[in-house]
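# Structure assessment
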Amino acid sequence: ALEALFRQPVMILIFLITLLGISWQLTIFVLIVLPVSGFIIGRIGKSLKRTAKKGQNELGEVVTSLEETVGGIRIVKGFTAEKIFARHFNKVNDKHFNLMVRLFRKQYLTSPIGETLSAITIAMILWFGGNLVLEGDVLNGEFFILYVVIFSQMISPARALSESFVRVQRGLSASERIDEVLKADEQIMEVPGAKSIKEFKESIVFKNVAFNYGGEPVLKNINLEVRQGESIALVGPSGGGKSTLVDLMPRFYDVIDGSIEIDGQDIRDFKVYELRDLFGIVSQQSILFNDSIRNNLLVGNENADEKQLIDALHTANAHGFVISLPEGLDANVGEAGNRLSGGQKQRLSIARAILNDPPIMIFDEATSALDTESERLVQSALDRLMKGRTSFIIAHRLSTVQHVDRIVVIDKGEIVETGSHGELMELGGLYKRLIDLQDLS
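These remarks concern the structure in this document.

Moving on, we come to the side chain of Thr69. Among the secondary structure elements, Thr69 is positioned in helix α2 (residues 24–71). Since its relative accessible area comes to 17%, Thr69 is described here as buried. Among residues more than four places away in sequence, those in contact with Thr69 are Val76 and Phe85.

Within this structure, the stated rule accounts for 12 salt bridges. One salt bridge connects Arg227 with Glu225, and the closest N-O pair in it is separated by 2.8 Å. Here the salt bridges do not stand alone but share partners, grouping Arg294, Glu306 and Asp330 into one network.

Within a sheet, neighbouring strands are paired by backbone hydrogen bonds and run either parallel or antiparallel to one another. Reading across the sheet, the six strands line up as β6-β7-β8-β3-β9-β10 and stay open at both edges, with mixed pairing between neighbours. Two strands in the sheet have a free side with no partner beyond their single neighbour: β6 (279–283) and β10 (414–419). Neighbour to neighbour, the strand axes of the sheet diverge by 20 degrees on average, direction disregarded. Note: strand β3 (residues 231–235) against strand β9 (residues 406–411), four bridges, orientation parallel. Bridging across to β9, Ala233 finds its partner in Ile407. Lying over the sheet, helix α11 (residues 342–356) contacts β6 and β7 (360–364), oriented at roughly 180 degrees with respect to β6. On top of the sheet, helix α14 (residues 430–437) reaches β3, β9 and β10; it is set at about 95 degrees to β9, its chief contact.

For the structure shown, the criterion picks out three aromatic pairs. Consider the rings of Trp127 and Phe128, whose centres lie 6.3 Å apart with planes at 50 degrees: the pair is tilted. Looking at Trp127, the relative accessible area reads 55%, which means it is exposed.

Here we take up the nonpolar core. As a rule of thumb, soluble globular proteins bury nonpolar side chains together. Counting residues in each nonpolar core, the largest one holds 44 residues, and the members touching the most others are Leu297, Leu348 and Tyr431. Tallying contributions element by element places α11 first for this core, with six residues. When near neighbours in sequence (up to four residues on either side) are disregarded, Tyr431 contacts Val235, Leu398, Gln402, Ile407, Val409, Glu417, His421, Leu424 and Met425. Phe206, Val255, Ile267 and Val408 belong to the second largest nonpolar core, which has 30 residues in total.

Spatial ordering of the open sheet is given by β2-β1-β4-β5, a layout of four strands whose pairing is antiparallel. The open sheet has two edge strands, β2 (216–227) and β5 (265–266), and neither has a second partner. Looking at chain direction, strand β1 (residues 203–213) and strand β4 (residues 257–262) are connected through five bridges and run antiparallel. The residue of β4 that forms the bridge with Phe206 is Ile260.

Turning our eyes to something else, we now look at the side chain of His421. Relative to the assigned elements, His421 resides in helix α13 (residues 421–427). Only 2.8 Å separates the side chain of His421 from the side chain of Tyr431, close enough to count as a polar contact. For His421, the residues in contact, after removing those within four places along its chain, are Gln402, Ile407, Tyr431 and Ile435.

What counts, and where the lines are drawn
- Residues numbered from 1 in each chain as written.
- Predicted model: local features only at pLDDT ≥ 70, side-chain atom pairs only at ≥ 80, totals over all residues.
- Heavy atoms only, no water.
- Helix = DSSP H or I, 4+ residues; strand = E, 2+ residues; numbered from the N terminus.
- Buried < 20%, exposed > 50% of the residue type's maximum accessible area, 1.4 Å probe, protein only.
- Contact = heavy atoms within 4.5 Å.
- Salt bridge = Lys/Arg side-chain N within 4 Å of Asp/Glu carboxyl O.
- Pairing = 2+ DSSP bridges.
- Axes fitted to C-alpha atoms, helices over the stretch in contact; angles between N-to-C directions.
- Phe/Tyr/Trp six-rings, centres within 6.5 Å; stacked < 30°, edge-to-face > 60°.
- Core = buried A, V, L, I, M, F, W, Y, C linked by side-chain atoms within 4.5 Å.
- Polar contact = N/O pair within 3.5 Å; in protein donor to acceptor, adjacent residues only side chain to side chain.

Next up, the structure:
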C-alpha cells in the first residue's frame, strides 16, 4: 500500500501533464469532476477506519475471554460452568464477527464504487469533449480520441491509489491502537541524568513513606531502617500492605509521599534497570516459561556455565529431581511449569534467584502453597539463599519467620510492632494474637 501511495501519484501527475498539453479546457473539466469521486472514496475510507478501530477493540475482548477461560479451565469444569463461558465467548465473538462483516463489506464496496465512478467520469468527458470537437476550433477528433485513451490509462493507477488509501486507513486504525499502549503515561519515570548503582553496602531506609492505590491509602507513615545482611520478616493480616511495601523498593510503584533510600540516596535518583538488578524475587506463584529447565535458569544469569547451574540446583535442593528426569536440564517444564509439582517449581525459582546472585532478596509467601515435605525442602533452600544477603520475608505461616533478625508487624498500612519473636511475644500485641491463632507458641 505504501509503495502504491508513492508510485501511483507520480504516474497520475505525468498523465495529467500530458492531458493538459492536449486540451487544457477538457483537463480543467476533469479536475472539477474527479474531486467528487475522491470525496466519495475518502468518506468510505474514513468510515472503514472507524469500523476497523472498533474491530481492534472487539478482537481484544475476544482474546481476553479466550485467555481467561483457558487459563481457568479447572474452575470452569469444576463448577460445570461450560455453558456460561460458552455464552459469554459467543456473545463477544459474534459482536466481533458482525463488525468484521461490516468492515469487509465496506472494503469490497470500494472497487465497484470506483468502477462506477470511473464510468460516469468517462461518460461526462465524452459529453464535454464531444461538444468541444463539434465546436471545431478548440479540439479535433484525433486528439480527442488520444485524450480519452490516455485518460483511460490513468484510471488504473487512480483505482490502485484509492484501494491503497483504503488499506492504509485500516492499517492506521491498528497502529493507533498500538500507539495507545506505547504512548501511555509511564508510571515509573527515570530522572534525567540518573545515577548508576552497582552494589548495596549499608542500609535501606524508609522515611515517612506513604502510598495510595486508586485513591485509597495502602501505606502511611512507614519508617524503617534495614541494615545490610539483616533478615526482616513482614507479617500481619491480609491486605495490610506487606507486598506493596516490598514492591516499592525495586520501583514497581513509586511512593506518594516520603522516600526510600539505599545507602543514603533516594532510589528515584538511580537508573531503574540497575536498581532492579539489586533485587531477587521469589513469590508464592512460581513463574516458569514453556522451555527447558536450563533456559528457565539462564533467565537469572544468561552467562552461567554448567557448573554454576548444577551448584545453584544443589543449593536450591532441586538437583535430585532434575537429574531423575530423562532429559535432565534439557527437560521441558511445560506451559507455566505444569509438568512439575508446586515444590519443584518453587525450588527452580530459587535456583534461578541464586544464579542472579542479588544482594537483596524478597520472599513473598514463598512456601505458603506447599505441602509439609516440599515446604521443608524449600525452606532449607531459602535459608541457604539468605546467608549474607539482606532479606525481606513476607509470610502468613509464622513458623517460617521466628528465627529472622527482626519481625515487622504491619496492620492497615502502618507498622504497629517491631522486634524479635521473643520480644513480640512478651509485648502481647497483634503478633502474639496471630501466633495464638496458629497455635505456634
